[in-house]
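This is what each chain is made of:
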Amino acid sequence: MPTGPDAPVEHIILDENVKAEGHDYYSIGAFKVSPNNKLVAYAEDTKGDEIYTVYVIDSASGQYVGQPLKGITSDIEWAGDDHLVYITMDSILRPDKVWLHKLGSDQSSDACLYHEKDDTFSLGLQASESKKYLFVGSGSKNTSFIFYLDTSKQNKELAVLTPRVYGIDTTASHRGNHFFITRRSDEFYNSELVACPLDNVAETTVLLPHRESVKIQDIQLFDNHIAVYERENGLPKVTVYRLPAIGETIGQLQGGRTIDFIDPTYAVDPEESQFHSTVLRFHYSSMRTPPSVYDYDMDSGESVLKKIKPVLGGYDASNYVTERKWAAAADGTQIPMSILYRKDLVKLDGSDPLLLYGYGSYEICIDPSFRGSRFSLVDRGFIYVIAHIRGGGEMGRKWYEDGKLLKKKNTFTDFVDCAEHLIQNKYCSKEKLCVNGRSAGGLLMGAVLNMRPDLFKAAVAGVPFVDVVTTMLDPTIPLTTAEWEEWGDPRKEEYYYYMKSYSPVDNVAAQEYPNILVTAGLNDPRVMYSEPAKYVAKLRELKTDGNLLLFKCELGAGHFSKSGRFEKLQEDAFTYAFILKALGMTPKLASL
């Protein structure tokens, strides 16, 4: 875009700050531009309950086009310039129906393209980088299959791309005369990449075979290249391959070039790139490197920094150290940890305060990305650590499998082992060790506090999933049916007793606990506010100490807390103030 005095006047299509006026909560979950660049469809949530209303506006005038689509998910895509495809939810907020909407028509006349009736499966929607196909995926925690829709055809119907086979998990994209499919199974647990012709989707060619040490995370397709986002030894990597010309025979990928990154531990994610370009755009950061956008020339192998997010207050990355360390679990498994501290403030003699964060569920990778508010603690001498425990996906699919169902307790013991490793190696002491986790990470907090309350000085459990058995026994509330493949179905005796042995509410005991802050959101559809409220009530009834126990419920928000930038900073400030108070590090107020 041109800059300087000759640059065109900025044209604002949608001002989220203006839209948010008058709302306690406001979030835009999707912003999709039509193929002809004339229209924009955006999805807004004004409660935090993740139920969206979609509006279409003229990108030039800002005028609304047609009537809004109500009560849907944020999964929307254009199917040509005059049709939208969207997904609605059932009574338990499971995405179960995909619809085709013609602009200008009433929502009640929209055509249902597919209805997923199995309540352990949910629908998702994705457009190919070529913008020629839409993919509708139906998936559970270990199985997914795909339909596709050709957006150029007048008759917009779904066709089967990959069949529904239990234990087979697929995602797809498109280039030229081929679909590209990543496919995972028990045999190929870290996924393989295959291609199939558009006119014979059953005929697959392996492009990247399964590898025990490398997990295929994502792919990004271009006219002449493919970028493969992978994980090896717990770290993300990006490998770029040149593809044969469209129409030529395609075979196993060879001669890939892997992009180099500078930090010992970091996060890298795809950015919006142009399909017909030779430039791959990606987002990079580490715990000390601010969010940065790079353009990588896939032909020359050169990276160009296009943008780095400014950090106010005289921030200097050279003042900080990031490290990668490993803790030994009880069974000998090595658990990676990402560590950040300010080198001129810490002593590394056991006297430093430390905040340890963990999650460990759903195969989610908690990569060590940058977060500015974190330095409020680090600049006070804190060491900040992420424990990449089992149940997440950092070390590949088996890392996840070894921390779910009847192996879930590995998640909790891994976290305890990381904490003890940090103490033994003089990063902190029990009197200076604080812990934090949200959602399934809040379950982690509740479990380790019951197991080892002596190990921590303070704990923050955000929107915690702590009433595991009761919730998983009730299929009428959101998420339960889809979660049976993650936690187990407690209607079966084996799972019931295993889940009950770690469920935080069911294991609160008459013992001393550290200082604890528990948060909730009144409109939370994922963890109902009643769960953390019940947990706090049980703690208040049974705990034998006089330490802090605070319960904070946001009355105008959901699972992801408040929506405003400053409101989120205030929330971080509240959390950090609690931690500082628990450690006796708050300044004394001068008496009047």
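For clarity, every value in this text was computed on a predicted model and none was experimentally measured. (Residues numbered from 1 in each chain as written. Predicted model: local features only at pLDDT ≥ 70, side-chain atom pairs only at ≥ 80, totals over all residues. Heavy atoms only, no water.)

Draft legend 1. Representation of unusual backbone geometry. A positive phi is found at Ser-191, a non-glycine position, where the angle reads about 80°. Residue position: Ser-191 is located in the loop between strand E13 (178–184) and strand E14 (192–197). For Ser-191, a relative accessible area of 10% translates into the label buried. For Lys-426, which is not glycine, the phi torsion reads 65° and is therefore positive. By secondary structure assignment, the location of Lys-426 is in the loop between helix H4 (409–424) and strand E28 (433–438). Residue Lys-426 is classed as partly exposed on the basis of its relative accessible area of 46%. (Helix = DSSP H or I, 4+ residues; strand = E, 2+ residues; numbered from the N terminus. Buried < 20%, exposed > 50% of the residue type's maximum accessible area, 1.4 Å probe, protein only.)

Draft legend 2. A look at the nonpolar core. Core analysis: the largest hydrophobic core is formed by 81 residues, its most contacted members being Leu-354, Leu-356, Phe-415, Leu-422, Phe-456 and Ile-579. The greatest single-element share of this core, amounting to seven residues, is contributed by helix H5 (residues 440–451). Within the second largest apolar cluster, 16 residues are counted, among which are Leu-235, Val-268, Tyr-294 and Met-298. (Core = buried A, V, L, I, M, F, W, Y, C linked by side-chain atoms within 4.5 Å.)

Draft legend 3. A look at the UniProt feature "domain: Peptidase S9 prolyl oligopeptidase catalytic" (unreviewed entry) in the protein chain. UniProt's feature table lists "domain: Peptidase S9 prolyl oligopeptidase catalytic" (unreviewed entry) at residues 368–585, given in the numbering used throughout. With 43% helix and 13% strand, residues 368–585 has its two end C-alpha atoms placed 26 Å apart. (UniProt positions renumbered as here; feature names shortened; annotations may be inferred.)

Draft legend 4. Layout of the sheet that holds strand E29 (residues 458–462). With mixed pairing, the eight strands of this open sheet are ordered in space as E24-E25-E27-E26-E28-E29-E30-E31. Among the strands making up the open sheet, the edge pair consists of strand E24 (320–328) and strand E31 (549–554). Averaged over all pairs of adjacent strands, the angle between strand axes in this sheet comes to 15°, irrespective of strand direction. Bridge count between strand E25 (residues 334–342) and strand E27 (residues 383–387): four bridges; the pairing is antiparallel. Note that in E27 the partner of Ile-339 across the bridge is Val-385. Packed on one face of the sheet, helix H10 (residues 530–542) meets strand E30 (515–521) and E31 and runs near 165° to E31. (Pairing = 2+ DSSP bridges. Axes fitted to C-alpha atoms, helices over the stretch in contact; angles between N-to-C directions. Contact = heavy atoms within 4.5 Å.)

Draft legend 5. Inspection of the packing of H4 against H5 at higher detail. Orientation of H4 relative to H5, taken along the N-to-C sense of each, is 65°, at an axis distance of 10 Å. With respect to each other, H4 and H5 are oriented roughly perpendicular. Once H4 is placed against H5, the crossing between them reads as right-handed. Between H4 and H5, the residues in contact are Thr-411, Phe-412, Thr-413, Phe-415 and Val-416 and Leu-443, Leu-444, Met-445, Ala-447, Val-448 and Met-451, respectively. (Parallel < 35°, antiparallel > 145°, perpendicular 65-115°, else oblique. Left-handed = near helix turned anticlockwise from the far one by under 90°.)

Draft legend 6. Layout of the layout of surface pockets. One number sums up the size of the second largest pocket: a volume of about 820 Å³. Around the second largest pocket, the lining is made up of 28 residues, and of these Ala-127, Ser-128, Glu-129, Lys-131 and Glu-272 lie nearest the centre. Secondary structure elements with two or more residues in the lining of the second largest pocket: strand E1 (27–33), strand E4 (69–78), strand E8 (122–127), strand E9 (133–139) and strand E16 (214–221). A per-element tally of the lining of the second largest pocket places E16 first, with four residues. Split into classes, the residues belonging to the lining of the second largest pocket amount to 11 nonpolar, 10 polar and seven charged. (1 Å grid on protein atoms, 1.4 Å probe; cavity = no way out; pocket = protein on both sides within 12 Å on 5 of 7 lines; lining within 4 Å. Points joined across faces, edges and corners; volume = space filled by probe spheres on them. Nonpolar A, V, L, I, M, F, W, Y, C, P; charged D, E, K, R; others polar.)

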